[in-house]
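Letter by letter, the chains look like this.
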Amino acid sequence: MTERSPASRRKAPGVLARIARARPTKPGEIYGVPGQGNTLWLSVLSIAVLLFVWWLVTAMGWVKPLFVPAPMDIVTKFISVWQTGFTGTPFLEHVAISTSRVFGAFLLACVIGLPLGLAMGMSPVMRGLFDPPIEFYRPIPPLAYLPLMIIWFGIGETSKILLIFLSVFAPIVLGARSGVKSAAIEQIHAAYSFGATRWQVMRFVILPSAMPEILTAMRIGIGFGWTTLVAAEMVAATKGLGYMVLSASQFLQTPVVIMGIIVIAFIAFAFDLLIRFVERRVVPWKGRM
Amino acid sequence: MGLSIEDVSVVYPAADRRPPVDALSRINLTIDDEEFVVALGASGCGKSTLLNLIAGFLSPTSGRLVLDGQAVTGPGADRAVVFQKHALLPWLNVLDNVAFGLQVQGIGKSERHKIANQYLGMLGLDGFQGAPVYTLSGGMQQRVGIARALTCDPRLLLMDEPLGALDALTREKAQELILNIWNDTHKSVFFITHSVEEALFMGTKLVVMSPRPGRVTHVFDLPFSRQFLDGAPARRVKASREFIEIREEVLEIIFADEEAAA
Ligand SMILES: Nc1ncnc2c1ncn2[C@@H]1O[C@H](COP(=O)(O)OP(=O)(O)O)[C@@H](O)[C@H]1O
Ligand SMILES: [Mg+2]
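Residues numbered from 1 in each chain as written. Chains lettered and ligands numbered in written order. Predicted model: local features only at pLDDT ≥ 70, side-chain atom pairs only at ≥ 80, totals over all residues. Heavy atoms only, no water.

Remarks on the overall build of chain B
Then comes step 1: What chain B contains, in helices and strands, is ten helices and ten strands.
Then comes step 2: Taken against the 2.2 N^0.38 rule, which gives 18 Å for 262 residues, the C-alpha radius of gyration of chain B at 19 Å falls within 12% of a compact globule.
Then comes step 3: Based on the C-alpha atoms only, the size of chain B along its principal axes is roughly 55 × 45 × 40 Å.
Then comes step 4: Looking at chain B alone, contacts between residues at least 24 apart form 68% of all its contacts between residues at least 6 apart.
Then comes step 5: Averaging the positions of the 25 positive and the 32 negative side-chain charges in chain B gives two centres separated by 5 Å. (Helix = DSSP H or I, 4+ residues; strand = E, 2+ residues; numbered from the N terminus. Rg over C-alpha atoms; globule rule 2.2 N^0.38 Å. Contact = heavy atoms within 4.5 Å. Lys, Arg positive; Asp, Glu negative; His and termini not counted. Charge placed at Lys NZ, Arg CZ, Asp CG, Glu CD.)

Pasting the structure below:
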């Protein structure tokens, strides 16, 4: 509140003041922790409201189905694509092809990026050599270097996977690199004082303590992978979810577009849940010591 | 035999906007076999620097350290370190944490678990073998750290404020536990604290240090840990007239140092 005169201080506080003031917490919560509280029901509510508005807008005919088809149209379309496929390819094959592109690129990025990131964290030589190229290409949108990929690697599978790979690679390298810093100096010193070699310290202390950051990096990386999928499948693809969305949009098949988007979101979300599950199993100690 | 620190100085070089620091200036000190040497002093007087030298993490700017006739050139399993905190590995359970030093030395699983179990028993941690370390209390975590340090049967046990993060009651119990282990295992100990009472109670030799430049100003020989190990209750030892007199003397030295520095 801006007023400071003694007279105004005696007035009952306004609504704003009451909202702005921190209240004591219930037992079981911690006073002052930013943003604490359960959000499940609000999330359910948010989804329900969105669906309702969507349904309302289409049911009342406020928007043409060409722009926003009704929710039920999407479901119907999904069932029909599931049964008869899209452009002659079964639906599950589209899913399988896109998934294997994303996961192939993701695995490749992990296999190369994790060791490279760890090495960059461990060695100033590696950091000096690889920091400039990675920092250079990292902020460039994949669509910007897509033409180069095509010129260099053609319109085959290579440039598609490479494009996704590049978008996953940078966050994975950076995550592994900063994960190296997670080990406490005491943990490292303790290992050395038992006569550990540098390699043993790496293997037994630095690598395990980097796991939380590595898993987070993998989560972020695969997210980028799905984001880049559609761009990658702009390149002369004849199969895949990104291709499905793009070609449907050319024929103004809006239900397929929306359905494809939802399927991609769903697969990406499912994988995110999987990594979170792995996280709880692999690093249950995260943030607890 | 034992450790001798001969005319050791450490200067941390100047860094951006910070002048060079004379962390230690011409230290001479010996830690004989089975001796319990306590370093006491305000923070910044170079205690940890001294411990890092002995552990072999740091090499002196001048002077040298000799352990059993051999110059100290790096860390080694003959000197085990117990830290104040953050030194356990949370992805390993209690047993594997204690066995970690042996694992590093390439000792097979069943053998190292057998040895680790002995030390867990010695520190009163039986039954917690499978527990994740982050579920233990601070006092128990510290005992895990001590057990781990003992497994490789070091010549010297180096402890940098090992009890600094514990509450008063747990701390006194831990002091007694460490003394009993020292008595049973016949190790030499170098122990850092800034609690005067703890220093007097634990040590056979007390080294009082003072900052800028870090140096040893006084050395006392102490009888109190022996009295405790001979059966006198800890509180009675700490309340004895002799103890209180030395305590006040040491406190005066430390306060005088503080004033001289201020
Ligand atoms: N790595 C370092 N670089 C520069 N100065 C340091 C470093 N470590 C310690 N110092 C300085 O050396 C002095 C002694 O530090 P330290 O040995 O940690 O003291 P203590 O453990 O008694 O508190 C302090 O003034 C501290 O700021
Ligand atoms: Mg210190």
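From this point, the narrative continues.
Some points on the overall build of chain A
Then comes step 1: Scanning chain A from terminus to terminus reveals twelve helices and zero strands.
Then comes step 2: For chain A, the α and β elements follow one another from N to C terminus as α-α-α-α-α-α-α-α-α-α-α-α.
Then comes step 3: Radius of gyration (C-alpha) of chain A: 25 Å, far over the 19 Å computed for a compact globule of 289 residues.
Then comes step 4: When its C-alpha atoms are laid out on the principal axes, chain A stretches across 70 × 65 × 35 Å.
Then comes step 5: Of all 289 residues assigned to chain A, the portion counted as buried reaches 38%.
Then comes step 6: By element, 71% of the accessible surface of chain A is carried by carbon and sulfur atoms, the whole surface being about 17200 Å².
Then comes step 7: Across chain A, the centroid of the 25 positively charged side chains sits 9 Å from that of the 12 negatively charged ones. (Buried < 20%, exposed > 50% of the residue type's maximum accessible area, 1.4 Å probe, protein only. Areas by Shrake-Rupley, 256 points an atom, 1.4 Å probe, with all protein chains shown as cover.)

Some remarks on the site of ligand 1
Residue and element names in this part refer to chain B.
Then comes step 1: The environment of ligand 1 is made up of Tyr12, Arg18, Val21, Ala23, Ser43, Gly44, Cys45, Gly46, Lys47, Ser48 and Thr49.
Then comes step 2: A distance of 3.1 Å is found between an oxygen atom of ligand 1 and a backbone nitrogen or oxygen belonging to Gly46.
Then comes step 3: Ser48 places a polar side-chain atom, nitrogen or oxygen, 2.7 Å from an oxygen atom of ligand 1.
Then comes step 4: When contributions to the shell around ligand 1 are tallied by element, the ones reaching two or more residues are strand S2 (21-32) and helix H1 (47-55).
Then comes step 5: No other element matches H1, which puts three residues into the shell around ligand 1.
Then comes step 6: Among the residues forming the shell around ligand 1, the class breakdown is four nonpolar, five polar and two charged. (Near = heavy atom within 4 Å. Polar contact = N/O pair within 3.5 Å; in protein donor to acceptor, adjacent residues only side chain to side chain. Nonpolar A, V, L, I, M, F, W, Y, C, P; charged D, E, K, R; others polar.)

Details of the pairing of strand S4 (residues 62-67) of chain B
Each regular strand displays side chains that alternate between the two surfaces of the sheet.
Residues and elements named next belong to chain B.
Then comes step 1: Sheet topology note: the strand S1 (residues 2-12)/S4 ladder contains five bridges and is antiparallel. Among the inter-strand pairings, Leu3 is bridged to a residue of S4, identified as Leu67.
Then comes step 2: One ladder, built from two bridges, connects S4 with strand S5 (residues 70-71); its direction is antiparallel. Looking across to S5, one finds that Val66 is bridged to Ala71.
Then comes step 3: Between S4 and S5, which follow one another and run antiparallel, lie two residues, and Asp68 among them has a positive phi close to 50°. (Pairing = 2+ DSSP bridges.)

Remarks on the interface of chain A and chain B
Then comes step 1: Contacts between chain A and chain B engage 20 residues on the former and 26 residues on the latter.
Then comes step 2: Around 2100 Å² of area is buried between chain A and chain B when both sides are counted, 73% of it from carbon and sulfur atoms.
Then comes step 3: By the criterion of area lost to chain B, the three top residues of chain A are Ser193(A), Phe194(A) and Met289(A), representing 36% of everything that side buries.
Then comes step 4: At the surface where chain A touches chain B, the tally comes to zero salt bridges.
Then comes step 5: Inspection of the region where chain A meets chain B yields three residue pairs in polar contact (both at pLDDT 80 or more). (Buried area = accessible area lost by both parts, 1.4 Å probe. Salt bridge = Lys/Arg side-chain N within 4 Å of Asp/Glu carboxyl O.)

Some points on the packing of helix H8 (residues 157-179) of chain A against helix H10 (residues 198-232) of chain A
Residue and element names in this part refer to chain A.
Then comes step 1: In the contact formed by H8 and H10, the axes pass within 8 Å of each other and the chain directions differ by 160°. With respect to H10, the element H8 is oriented roughly antiparallel. In the crossing of H8 with H10, the sense of the turn from one axis to the other is right-handed.
Then comes step 2: Here the contact of H8 with H10 is composed, by residue class, of 16 nonpolar, seven polar and two charged. (Axes fitted to C-alpha atoms, helices over the stretch in contact; angles between N-to-C directions. Parallel < 35°, antiparallel > 145°, perpendicular 65-115°, else oblique. Left-handed = near helix turned anticlockwise from the far one by under 90°.)

A short note on the domain arrangement of chain B
All names here are of chain B.
Then comes step 1: Entries for chain B in the domain assignment read domain 1 (3-78 + 157-261) and domain 2 (87-153).
Then comes step 2: Computed over C-alpha atoms only, the centres of domain 1 and domain 2 are separated by 25 Å.
Then comes step 3: Residue-level contacts link ten residues of domain 1 with twelve residues of domain 2.
Then comes step 4: Buried area between domain 1 and domain 2, summed over both chains or domains, comes out near 940 Å², and the portion from carbon and sulfur atoms is 77%.
Then comes step 5: Of all residues in domain 1, Leu177, Ile181 and Lys187 bury the most surface against domain 2, accounting for 40% of the area lost on that side.
Then comes step 6: Our count for the contact surface shared by domain 1 and domain 2 stands at one salt bridge.
Then comes step 7: Where domain 1 packs against domain 2, one counts two residue pairs in polar contact (both at pLDDT 80 or more).
Then comes step 8: In terms of residue count, the dominant contributor to the side of domain 1 that touches domain 2 is helix H6 (residues 168-185) (five residues).
Then comes step 9: Split into classes, the residues belonging to the side of domain 1 that touches domain 2 amount to seven nonpolar, two polar and one charged. (Domains from an automatic or database assignment.)

What to know about unusual backbone geometry
All names here are of chain B.
Then comes step 1: Cis peptide bonds are those with omega within 30 degrees of zero, and the linkage from Arg212 to Pro213 qualifies with -10°.
Then comes step 2: Residue placement: Pro213 occurs in the loop between strand S9 (205-210) and strand S10 (215-221).
Then comes step 3: The phi angle at Asp68 is positive, at roughly 50°, despite the residue not being glycine.
Then comes step 4: Under the relative-accessibility criterion, Asp68 is labelled partly exposed at 24%.

Notes on the environment of Leu207(A)
Residue and element names in this part refer to chain A.
Then comes step 1: Positionally, Leu207 belongs in helix H10.
Then comes step 2: Judged by relative accessible area, which is 30%, Leu207 ranks as partly exposed.
Then comes step 3: C-alpha of Leu207 to C-alpha of Val180: the two residues are 27 residues apart in sequence and 7.1 Å apart in space.
Then comes step 4: Excluding anything up to four places from it in sequence, Leu207 contacts Leu118 and Met202.

A look at the packing of aromatic side chains
Residues and elements named next belong to chain A.
Then comes step 1: What the rule picks out here adds up to 17 aromatic pairs over all chains.
Then comes step 2: Relative to Phe91, the ring of Trp82 lies with its centre 5.6 Å away and its plane at 45°, an arrangement referred to as tilted.
Then comes step 3: With relative accessibility at 4%, the residue Phe91 sits in the buried group.
Then comes step 4: Taken together, a centroid distance of 5.1 Å and an interplanar angle of 25° make the contact between Phe165 and Phe169 stacked. Linking Phe165 with Phe169, this pair stays in helix H8, spanning four residues, or about one helical turn.
Then comes step 5: Judged by its relative accessible area of 9%, Phe165 falls in the buried class. (Phe/Tyr/Trp six-rings, centres within 6.5 Å; stacked < 30°, edge-to-face > 60°.)

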